[in-house]
Amino acid sequence: MKKLNYFLVLFSVLSQLAFSQQKKDRTFKEIRKYYEKMTIDDMDAVPHVKLFIQKAKRENNLPKLVQGYRDGRQFDYQNKIKYADSAIAVSLTLGNKEDISKDYLSKGIVYYFYQKKYKLALDQYLKAYEYSKGSKDQYHHYKVIYHLGIVKEHLGYYNEALEHFQECAVFYSSEPDHKLHENERYNYKKAYLNSLHQMIVNNRYLKNFSKSDSLSQLGYQLTKGNPDFTLENSYFLKCIGISKFHKQEYREAKTDLERALPVILKRNDFAWAQVIYYYLGNIAKAQNDQNKTIYYYSELDTIFQRHEFILPEVYRSYIYLIDYYKNINVDVSKQLYYTNQLLKADSLISKDYAYLSSKLHKDYDRRALIEAKENMKKANTKQMRYAQIIIFSGSIALGFFILRSLKYRKIKRQYELLQKKIAEGTYEIHDIVQDEPRDNSIRKTFLTPEITLEIKGKLEKFEQEKQFLKKGLSEKSVALKLSTNSHYLSVYINEHKGMNFNKYIAALRINYITHLLNTNHMYLRFTIEALANECGIASRQNFSNLFSEINGIRPTDYIKQRKKELEID
């Protein structure tokens, strides 16, 4: 029977070890299987990605480590740049130019898509381009071209950008599906759809409306009902809505734009969300719905405030907002606010969109705008001066009463707290309760129990006889009076009173005078100097400071509250 028991125990241990080893030794493929088909930015993938990275680090497997960092960059929304930098660092160590190029490009995409930092994105794209020279990976080569086209588009070079996107669309649609792995088919189609979308945008900017319309319909049909391409479908729907707006089909345009907006907002693509708000505002304006126009343009401004980002296409919304608050619903503060926003937008556009900036100035000259702003201020100065004086005076008065009220509440709350402590007996200076050490080696002090008890007794007598009221006390003089040395006294007070000597004497004096004020009405009529002298404190200011520090309330305020409570004049 014993042999059978030993066998069962041994079998159990070996089984657990085998199971643990099996769990520990999951392959990279098995770990990655959990998340490789998840959508981008799905945070549920992150724990598995971290497991993948930990395994790669443990095994010092650099190719797998760089793959793990790339996966982290794809799924961890909050730490994309961090993972992008880690991927670049490992790629540089491995020295494969194609991989280095891919990782620089991916970092640029994070800057472009998630942060709209085009200058930083361009720096990464150019590094990717340099490392991609001579690469045999045509997919990646055209991906670099695509993103350089994006930068050219935002600089206003629409014809050049359109050529880039046309090249990319031809390449990504030319590879036969049967030659591609499932993941490659998805990547090629996504790249093709993105190229198609950018072709639509640039054709619209170039006023090739018939071309942009036909491409919009093509893209929409290719993505309709496909859960893998809901974002791309929303982009095409957005383009169709904008086209319908230009054809004055306002109701249909609004429907398409409102359908496209939620998915775009969910992916936090605030650039295209801004464009949709702009066109929804334009539709409301065309339908003479001022409230809706103001609402949509204000949402556009909210994006500008939050991300400090604006597209040149949408800046005219500020002109409408300025005119509205100037002529229809007169509000000088909002006129100035939206004028400043427009100037700020113009400044940002001038930095990022050199070519478009010159066009922008033709439509709305910066100097004229600044002059209009100054004239507006001057024109309203006389009318507003009286109102400003009243508002300013009223604000000061209101602020004074608010501060006074808050101060009074604080004083009253502190007074009540102090009275409660006095009533409960917690206001006194009590010794700190300390647990007896179990081992003499871990005692906090070298004071023997005998010395501790001796000083304790002498201090109790010192307090009972009110010897602390004598002016000019020092640690040395008190130690001498108590027949001990100043160091022992200092150690005892620090450890058993929880404060230094000066604070201890001050607390005794303030506690003493507080009790007098609380119990003897005569002291409520004393001056602050007299109260200070009564408790052994040399100066009026020092007394007030210590009273406030220890009691949380000034002595004058305490006296007022006490008189009020006792109904004493």
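A.B. asks: When you look at the packing of aromatic side chains in this model, what are you seeing that I'm missing?
C.D. replies: Aromatic ring pairs are defined here through the distance separating the ring centres and the angle between the ring planes. Per the stated rule, a full pass over the model turns up 34 aromatic pairs. With a centroid separation of 5.2 Å and 20° between ring planes, the pair formed by Tyr 186 and Phe 229 is classed as stacked. Of this pair, Tyr 186 sits in helix α10 (residues 182-205) while Phe 229 sits in the loop between α11 (209-223) and α12 (230-246); the two residues are 43 residues apart in sequence, bridging distant segments of the chain. Relative accessible area serves as the criterion here: at 30%, Tyr 186 is assigned to the partly exposed category. Ring centres 6.4 Å apart and planes at 15° place the aromatic pair Tyr 320 and Tyr 324 in the stacked group. One end of the pair is Tyr 320 and the other is Tyr 324, both in helix α16 (residues 316-328) and four residues apart, which spans about a single turn. Looking at Tyr 320, the relative accessible area reads 16%, which means it is buried. Members of the aromatic cluster, joined through ring pairs, are Phe 245, Tyr 250, Tyr 278, Tyr 279, Tyr 297, Phe 304, Tyr 318, Tyr 320, Tyr 324, Tyr 325, Tyr 337 and Tyr 338. Seen from the ring of Phe 28, Lys 55 lies directly overhead, with NZ or CZ sitting 5.0 Å from the centre. Here the basic side chain of Lys 344 rests over the ring of Phe 304, its NZ or CZ set 5.5 Å away from the ring centre.

A.B. asks: So what exactly am I meant to see when it comes to the environment of Tyr 129 here?
C.D. replies: Relative to the helices and strands, Tyr 129 is located in helix α7 (residues 118-132). A relative accessible area of 34% places Tyr 129 in the partly exposed class. It is 9.3 Å that separates the C-alpha atoms of Tyr 129 and Lys 102, two residues lying 27 residues apart in sequence. Not counting chain neighbours up to four residues away, the residues in contact with Tyr 129 comprise Val 144 and Leu 148.

A.B. asks: Honestly, the side chain of Asp 41 in this entry has me stumped. Any pointers?
C.D. replies: Within the secondary structure layout, Asp 41 lies in the loop between α2 (28-32) and α3 (46-58). Under the relative-accessibility criterion, Asp 41 is labelled buried at 17%. A distance of 2.8 Å separates polar atoms of two side chains, one belonging to Asp 41 and the other to Tyr 114. The contact partners of Asp 41, leaving out residues within four places of it in the chain, are Gln 74, Phe 75, Tyr 77, Lys 80, Tyr 114 and Arg 267.

A.B. asks: Could you clarify how one ought to interpret the confidence of the model for the protein in this entry?
C.D. replies: Detailed reading of predicted coordinates is not advised where the pLDDT is low. Here the protein averages 84 in pLDDT, while 83% of its residues score no lower than 70. Highest mean pLDDT in the protein belongs to α12 (96); lowest belongs to helix α18 (residues 354-363) (43). The low-confidence segment residues 17-23 (pLDDT under 50) makes zero contacts with residues lying over four places distant or belonging to another chain. Under a pLDDT of 50 for its full length, residues 355-365 has, in the predicted model, 21 contacts with residues more than four places off or in other chains.

What counts and how
Residues numbered from 1 in each chain as written. Predicted model: local features only at pLDDT ≥ 70, side-chain atom pairs only at ≥ 80, totals over all residues. Heavy atoms only, no water. Phe/Tyr/Trp six-rings, centres within 6.5 Å; stacked < 30°, edge-to-face > 60°. Helix = DSSP H or I, 4+ residues; strand = E, 2+ residues; numbered from the N terminus. Buried < 20%, exposed > 50% of the residue type's maximum accessible area, 1.4 Å probe, protein only. Lys NZ or Arg CZ within 6 Å of the ring centre and 35° of its normal. Contact = heavy atoms within 4.5 Å. Polar contact = N/O pair within 3.5 Å; in protein donor to acceptor, adjacent residues only side chain to side chain. pLDDT = per-residue confidence, 0-100.

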